[in-house]
Every structure is written in C-alpha cells, then in structure tokens.
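# An overview of the molecular structure
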Amino acid sequence: IITRLEAERPASTKKAYHPYARAYESYAASKGLPTNSDVTAAGFLLDMRDKRYAYNTLMGPIASAVMDKFRYSEVKDMIASSPLWQEAKEAIKRSVPQGSGKKALSDGMLQQIAATVKTTRHRRNITIYLIMAKGMLRVSELIALRQQDVRPIALWEGGKVVKALEITVKRSKTDQAGAGAKV
C-alpha cells in the first residue's frame, strides 16, 4: 500500500522535501541518534535554524520533511505532540525574523525604470519582471507560458477603460491537479 501511495505523490512534493529529509538522516547519523526520536527531530530543527535558514523554510519544508518521513507511522504523532518539538518550533518563532520586509516596486517606480530602457534586451527583462510581479508568478510558471496563454483584454477601472493582459497559468506549484487559473 505504501509503495502505491508513494507512486501517486506529486513529484514536486518529493523534490521539495528530499534534500531536507537527506539532511535529517545525515544529522542523525553524525550525532549517533535514531531518526525516529523527538530529540533528533527537535535538535535537527534547531541545527537548521543555526545555519540561518529563513523562518518560512524552517517552519515549512524543513519541518514538513521531518514529519513526512514518518507519515505512515505512529512516530509522526509522537514527534508532533512532543514538548521538545513544540519548544524547538517556539524557539524558532522567537529567534528567527518572520518575513523579509521587502516591498514590491510601486507602479510609479516601474514606470520610471521603463522610461530609462534603451535596448530590446532590457525591455524584455522589464516585461518579464512586470508579468511575474503583477501576475504573482513563480519562475516555473513564467517559463511554462506560451504565446496563446497571454491575451490582451479591456477592463473597466475607475470610470474608464484600461488595457490589461489576461494570463492563463495552466499548472502551478499550488495547482497539482492542473486545473489552471487566469490572472
């Protein structure tokens, strides 16, 4: 049953967790600890924090990779409910800044940048940036776009007609079924 379930897991999930699952096993081996221990799991999480991983990476794919390793056993529940695991996560919340504080470029800034563009290559780069920023696309989603996925449309905004682009994203990291979305 486990083999069948594993075969049906999205490749992107496996790819995201794999390096952290390997790092977890290496950590346990280097410390001489069993992998199915809350002491090992909590220690690994704190060790990754000390390596300066971002908050979202620590609490997202790294913590999930540890839990995912035991998804078909009662060890997962034991680790998830462990006071050591909970305290390690709390320590990360207290010590690792959440969010980067970075802000997207405003429309005015983008217009200023676009006005200074002299070459076709720079125009292309700004267009790519604008599509990614305004469509909130990942690089993989941008790369997958084809000419037929982008079409001009007119929108009614602020009492006037505004030209815009409608982009069809056929598959994304958060759309594993491939239903697609328009942005």
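Residues numbered from 1 in each chain as written. Predicted model: local features only at pLDDT ≥ 70, side-chain atom pairs only at ≥ 80, totals over all residues. Heavy atoms only, no water.

## Quick notes on helix H8 (residues 120-135)
The terminal C-alpha atoms of H8, which comprises 16 residues, lie 22 Å apart, in line with the 22 Å expected from a rise of 1.5 Å per residue. Within H8 the residues assigned to the buried category are Ile126, Ile131 and Gly135. Projected down its long axis, H8 carries its buried residues within an arc of 135 degrees, all on one side. Residues of H8 that are buried in the fold lie against helix H7 (107-115), helix H9 (139-144) and strand E2 (160-169). Phi turns positive one or two residues past the end of H8, at Met136, with a value near 50 degrees. (Helix = DSSP H or I, 4+ residues; strand = E, 2+ residues; numbered from the N terminus. Expected span 1.5 Å × (residues − 1). Buried < 20%, exposed > 50% of the residue type's maximum accessible area, 1.4 Å probe, protein only. Arc of directions from axis to C-beta. Contact = heavy atoms within 4.5 Å.)

## A short note on the environment of Ala28
When you line up the elements, Ala28 lands in helix H2 (residues 11-31). Exposure remark for Ala28: the relative accessible area of 1% places this residue in the buried category. C-alpha separation for the pair Ala28 and Ala41, spaced 13 residues apart in sequence, amounts to 8.6 Å. Ignoring any residue separated from it by four or fewer positions in sequence, one finds Ala28 in contact with Leu33, Thr35 and Thr40.

## A short note on the confidence of the model for the chain
Predicted coordinates in areas of low pLDDT are best not read in detail. Summing up the model confidence of the chain, the mean pLDDT is 84 and the portion of residues at 70 or higher is 92%. Mean pLDDT values over the elements of the chain span from 71, in strand E3 (residues 181-182), up to 94, in helix H3 (residues 38-50). (pLDDT = per-residue confidence, 0-100.)

## Examining unusual backbone geometry
Although it is not a glycine, Arg52 adopts a positive phi angle of roughly 70 degrees. With respect to the element layout, Arg52 can be found in the loop between H3 and helix H4 (55-69).

## Section: the nonpolar core
Formed by 22 residues in total, the largest nonpolar core has its most connected members in Phe44, Leu45, Ile62, Val66, Ile79 and Trp85. Those elements giving two or more residues to this core turn out to be H2, H3, H4, helix H5 (75-80) and helix H6 (83-95). It is H4 that contributes the most residues to this core, 7 residues altogether. Non-local contacts of Trp85, meaning those with residues more than four positions away in its chain, are made with Ala41, Ala42, Leu45, Ala63, Val66, Met67, Ile79 and Ala80. Formed by 6 residues, the second largest nonpolar core is a distinct cluster that contains Ile131, Leu142, Leu145 and Val169. (Core = buried A, V, L, I, M, F, W, Y, C linked by side-chain atoms within 4.5 Å.)

## Comments concerning the side chain of Asp38
On the secondary structure map, Asp38 appears in helix H3. It is Lys89 that comes nearest to the buried, bridge-free Asp38 among opposite-charge side chains, at 13 Å. Apart from the residues lying within four places of it in its own chain, the contact partners of Asp38 are Met78, Ile79, Ser82 and Leu84. (Lys, Arg positive; Asp, Glu negative; His and termini not counted. Salt bridge = Lys/Arg side-chain N within 4 Å of Asp/Glu carboxyl O.)

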